[in-house]
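# Chains, contacts and geometry: an overview
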Amino acid sequence: MTVFVVRRLALLVLALFLASLLAFALLRLLPGDAAAARGGITADPAQLRAIRHELGLDRSLAEQYRSWLGGVLHGDLGRSQLNGTSVTAELGEKLRVTGPLVLAALALALAGAVPLGVLAALRHRTRLGTGISTVGQLGIALPTLWVGLLLVTVFAVEARLLPAQGFPVEGWSAPGEAARSLVLPVVTLALSEGAVLLRFVRSAALDVLGRDFLRTARASGRTRAGALWRHGLRNAAGPVLSVLGVQVAALLVGAVVVEKVFALPGVGSMLVADVGNRDMVKVQGEVLVVVAVVLAVGFLVDVAQRLIDPRLRETAS
Amino acid sequence: MTGTTWWRALLRDRNGLLGLVLVGTLVVAAGVSWVWTPYDPATTDLKARWVLPLRDGHLLGTDMLGRDQFSLLLAGARETLAVAVLATAIASVVGVALALAATLPTRWVSASVAQLVDVVIAFPALLTAMILAAVFGGSLWTAATAVGIASGVHVARVARAEIDRVRGTDYVLAATAAGSGTWRTVRRHVLPNIASTLIVQLSLVMSVASLTEAMLAYLGYGSPAPAVSWGRMLYDQQPYIEARPLLVVWPGLAVALSVLGFNLLGDALRDATDPKVRGAKAGSGAAVGAGSAGRVGGGAQAAGAAGAAVDHSSTGLAGDAVLPVLDIRGLTVRINGRTVVDEVDLSLAPGERVGLIGESGSGKSLTALAVPGLLPDGAEASGSIRLAGRELLGLRERELARVRGDQVAVVFQEPSTALDPLRRVGAQIAEPLRLHRGMTRRQAAAEAVELVRRVGLPDPEHAVRSWPHQLSGGQRQRVGIAIALACRPAVLIADEPTTALDVTVQREILGLLDELTREEETALLFITHDLAVVAGVADRVAVMRGGRLIEEGTTEEVVRAPREPYTKDLLAAARATAFDPTGNAPEHMAVNP
């Protein structure tokens with residue numbers, strides 16, 4: 001197991017390095033002169049040269065990459081080319097919105113998808129079972145942003161129960177208000193994510209229900225549902241975890257859209273704005289953080305799989 | 001994938017048909033909008049702003065700029081379809097190329113391609129698409145390229161797993177051995193076999209592309225103005241959502257139905273191209289049905305005998321004074337309306353050992369599994385099953401669960417799959433003790449060690465801590481017996497417990513079952529297709545065929561003087577195997593006097 005974790009950790013580092021290279025290369029595609037954007041139309045060539053030197057744009061690509069990576073390793077993602085603010089600091093602040101949004105949505109999605117998916121599997125021959133999977137199938141097809149707009153129409157515009165958009169200026173120092181403004185975004189994101197998870201939980205549970213060991217558990221005195229609960233869930237967790245690992249990327253993308261729909265000052269809105277401003281140091285940092293989160297979750301999923309399944313533990317080390 | 005059968009299966013599937021209709025509608029809308037829309041979708045008409053639906057020839061009304069919403073919807077189909085098709089084309093090229101590269105024989109190439117795929121997968125398509133759009137200006141190309149590459153690496157992963165699977169199959173190995181070159185093998189043998197998986201993956205790419213296109217257009221990174229996009233419509237209408245909520249509904253619905261169409265079609269294609277699923281849907285229940293092609297091969301001569309009733313007064317219980325512990329009367333089991341067990345009567349006296357014998361599909365296992373209520377989904381039992389006088393049929397699952405593992409227990413056929421792979425052996429043996437005896441974890445664990453010792457596993461303290469996959473088939477079956485006998489049940493059902501084992505191990509397991517049930521005076525219902533196996537263990541033998549009980553008697557009677565031709569066939573088959581059930585068998589196999 002230790003051997004596996006160490007080896008998998010080495011792979012993660014390699015992947016992160018590759019990801020930083022890709023993010024750097026992708027952003028070098030951006031045309032336009034950051035120095036000109038910063039200097040404004042009044043800047044003369046000498047000023048532009050000075051700005052360029054300050055931003056490090058007069059150095060070779062390899063050197064630029066090296067110095068960026070050096071900063072990244074110390075937790076410094078660089079400074080905005082537009083106004084010089086620290087990318088790390090801004091990301092940290094925006095994460096106070098995006099973090100709770102994504103985590104709460106994931107928790108809500110799991111809380112809905114696991115029991116409903118299991119129920120749909122247990123009752124898969126009945127109307128209830130097919131009904132649940134039909135609703136799930138529909139939920140997967142609904143675009144997140146549309147769900148958000150519909151929820152706004154119903155709960156904010158018609159019923160006036162919750163704020164339609166925005167986040168309190170004071171942030172979490174106004175906890176009640178902040179939480180209220182996150183309710184609809186969280187529900188929106190959780191519905192899209194939950195529908196996908198529901199589908200995989202159902203198929204994993206159905207698969208487990210057909211296995212012999214579940215019959216053994218029933219023969220030992222468990223009810224059908226009890227056997228699924230005690231033995232099935234652990235066995236179904238593997239495939240569902242794999243899906244979760246893949247779905248993290250979808251969840252982050254969903255956050256970008258949801259933040260835009262609800263005008264939340266999170267990482268997603270920041271990213272959309274920075275791509276629009278062609279602020280490549282910022283975008284590069286944001287892309288790297290998003291990709292790093294996805295890769296790290298993938299690592300955690302792999303480790304969790306082995307903690308659950310003794311057979312995997314033995315093959316890997 | 002042969003011929004047109006999958007195509008027909010697709011049309012028979014209700015969901016597949018719906019998917020086909022939805023996708024068809026999308027294609028037709030895109031095509032029609034090319035030549036005709038009620039109004040020019042790009043033209044603004046400030047005199048006709050906010051026209052309500054169904055007024056002035058505007059089917060869905062107009063927006064703040066006086067644009068006809070229905071025309072916009074039709075034209076939007078073009079963008080969605082174009083991005084979906086382009087992205088899918090790019091994904092299939094990228095996916096298959098990467099997958100093939102990842103399986104190249106040169107180790108470092110395949111390893112680095114696999115590593116690259118793992119990293120690129122972590123780049124969400126939406127981000128890449130936004131950056132591409134910022135660089136080259138938003139267009140269907142930037143959206144399709146980003147989705148195509150991101151989905152392509154996904155496809156590559158799936159395709160690679162499939163290629164690995166197919167390459168390990170016998171026919172590809174045979175082709176390679178016969179001198180077929182790498183590329184030829186891939187083209188002739190590998191690609192056709194992964195095609196169905198690819199089709200499904202690509203239909204999913206279409207739905208991802210449709211969703212991403214809408215998101216990009218909403219975020220302002222879609223195709224610029226004259227092009228119409230549903231996502232852009234949503235963006236335009238959002239500020240007016242309070243006044244005109246309906247205008248937000250239509251474009252969103254259009255996206256949702258397109259995505260639903262692609263998803264349903266993908267699912268149906270998977271089912272239709274998978275011969276396993278297709279077969280299951282066509283003839284459900286066939287596998288457990290009362291097949292006529294048996295192992296014994298005596299189908300013809302026994303035709304008349306199958307229906308003959310068994311006279312119970314002559315072959316009934318050994319001692320009439322003793323109340324039966326298990327009494328099955330008129331048991332009938334139906335699966336999807338087909339009768340697979342037909343009016344079976346069978347009873348076991350306390351401590352009695354009965355062999356229930358028949359070919360596969362004779363209904364013997366279903367008869368036995370009906371007792372603890374472990375029939376497969378969709379099977380219905382009627383008649384009467386009394387355990388120590390208590391009627392079991394009609395009990396609810398919760399009540400049956402209290403009986404199972406306590407008064408009646410089962411040893412199953414497949415020791416390799418009968419144990420939970422993710423739980424230690426000891427915990428599984430302890431489970432019935434904790435459920436029925438109310439033991440604490442510690443007490444049950446100690447008892448489990450004792451049970452493991454009784455079933456003859458070496459080093460019991462260590463054995464309870466091992467995982468099922470660490471044990472051999474015979475050892476796992478010993479664990480299965482330990483689980484079944486943990487609560488000292490009155491009746492033990494052994495459902496072909498030795499069929500999956502080696503011959504030598506078979507004898508050991510039989511001996512163990514024989515010894516333990518004798519010690520505990522447990523009534524044993526032993527199910528098998530092999531008369532030779534049952535002869536050594538059972539006092540009485542009941543023969544089943546086609547769902548009916550056709551002969552019953554003491555083991556000696558049946559073995560020495562079988563009445564039914566079918567039983568004679570079974571006997572002949574048994575005699576042809578290694579040991580002789582009538583005498584010269586190993587000690588514990590000997591027929592009881």
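It should be emphasised that the depicted structure is a prediction, and the values quoted were computed from it without experimental measurement. (Residues numbered from 1 in each chain as written. Chains lettered and ligands numbered in written order. Predicted model: local features only at pLDDT ≥ 70, side-chain atom pairs only at ≥ 80, totals over all residues. Heavy atoms only, no water.)

This part covers the packing of aromatic side chains. Note on aromatic pairs: each is described by the distance of the centres and the angle between the planes. Within this structure, the stated rule accounts for five aromatic pairs over all chains. Ring centres of F24 of chain A and Y65 of chain A lie 5.1 Å apart, and the angle between their planes is 65°; on these two criteria the pair is classed as edge-to-face. With F24 of chain A in helix α1 (residues 2-28) and Y65 of chain A in helix α4 (residues 61-73), this pair connects stretches of sequence that are 41 residues apart. For F24 of chain A, a relative accessible area of 7% gives the class buried. Residue Y65 of chain A is classed as buried on the basis of its relative accessible area of 10%. When the centroid spacing of 5.8 Å and the interplanar angle of 80° are considered together, the rings of Y218 of chain B and Y235 of chain B count as edge-to-face. On the criterion of sequence distance, the pair formed by Y218 of chain B in helix α8 (residues 182-219) and Y235 of chain B in helix α9 (residues 230-237) is long-range, its members being 17 residues apart. A connected cluster of aromatic rings, assembled from ring pairs, spans F24, Y65 and W68 of chain A. (Phe/Tyr/Trp six-rings, centres within 6.5 Å; stacked < 30°, edge-to-face > 60°. Helix = DSSP H or I, 4+ residues; strand = E, 2+ residues; numbered from the N terminus. Buried < 20%, exposed > 50% of the residue type's maximum accessible area, 1.4 Å probe, protein only.)

Turning our eyes to something else, we now look at the sheet that holds strand β2 (residues 338-348) of chain B. Strand pairs in the sheet, formed through backbone hydrogen bonds, run parallel or antiparallel to each other. Residues and elements named next belong to chain B. Sheet architecture is open: four strands sit in the order β2-β1-β4-β5, paired in antiparallel fashion. In this open sheet, the two strands that pair with only one neighbour each are β2 and β5 (390-391). Summarising the sheet, strand β4 (residues 379-387) and β5 pair through two bridges and their orientation is antiparallel. Residue pairing for β5: L387 is matched across the bridge by R390. (Pairing = 2+ DSSP bridges.)

To continue, consider the environment of L419 of chain B. Residue and element names in this part refer to chain B. Mapped onto the elements of the fold, L419 is located in the loop between α15 (415-418) and α16 (425-436). Taking relative accessible area as the criterion, L419 reaches 5% and is therefore assigned buried. Note: C-alpha distance between L419 and R476 (57 residues apart in sequence) is 7.8 Å.

Further remarks concern the pairing of strand β1 (residues 326-335) of chain B. Residue and element names in this part refer to chain B. Where burial is concerned, most of β1 is hidden: eight out of the 10 residues are buried. Bridge count for β1 against β2 is seven bridges, and the pairing is antiparallel. Bridged to V333 within β2 is V341. Linking β1 back to β2 in an antiparallel pair, the connection comprises two residues, with N336 at a positive phi of about 50°. Where β1 lies against β4, eight bridges are found, and the strand directions are antiparallel. For T332, the partnering residue across the bridge sits in β4 and is S382.

Attention now goes to the domain arrangement of chain B. Taken domain by domain, chain B comprises domain 1 (6-26 + 77-224 + 233-281) and domain 2 (299-589). Computed over C-alpha atoms only, the centres of domain 1 of chain B and domain 2 of chain B are separated by 50 Å. (Domains from an automatic or database assignment.)

This next bit is on the interface of chain A and chain B. Many structure descriptions define interface size as the accessible area lost when the parts assemble. Counting residues at the interface gives 69 residues for chain A, matched by 67 residues for chain B. Across the interface of chain A and chain B, roughly 6,300 Å² is buried in total on both sides, 68% from carbon and sulfur atoms. In terms of surface lost to chain B, no three residues of chain A exceed W146, R215 and S220 of chain A, which account for 9% of the buried area on that side. Connecting chain A to chain B are four salt bridges. Across the pair E397 of chain B and R218 of chain A runs a salt bridge whose closest N-O atoms are separated by 3.3 Å. Between the two partners, chain A and chain B, sit 25 residue pairs in polar contact (both at pLDDT 80 or more). When contributions to the side of chain A that touches chain B are tallied by element, the ones reaching two or more residues are α1, α6 (127-141), α7 (144-158), α9 (212-219), α10 (224-261), α11 (267-277), α12 (280-308) and α13 (310-316) of chain A. Per-element accounting of the side of chain A that touches chain B gives the leading share, 12 residues, to α10 of chain A. The residue makeup of the side of chain A that touches chain B, split by class, is 42 nonpolar, 11 polar and 16 charged. (Contact = heavy atoms within 4.5 Å. Buried area = accessible area lost by both parts, 1.4 Å probe. Salt bridge = Lys/Arg side-chain N within 4 Å of Asp/Glu carboxyl O. Polar contact = N/O pair within 3.5 Å; in protein donor to acceptor, adjacent residues only side chain to side chain. Nonpolar A, V, L, I, M, F, W, Y, C, P; charged D, E, K, R; others polar.)

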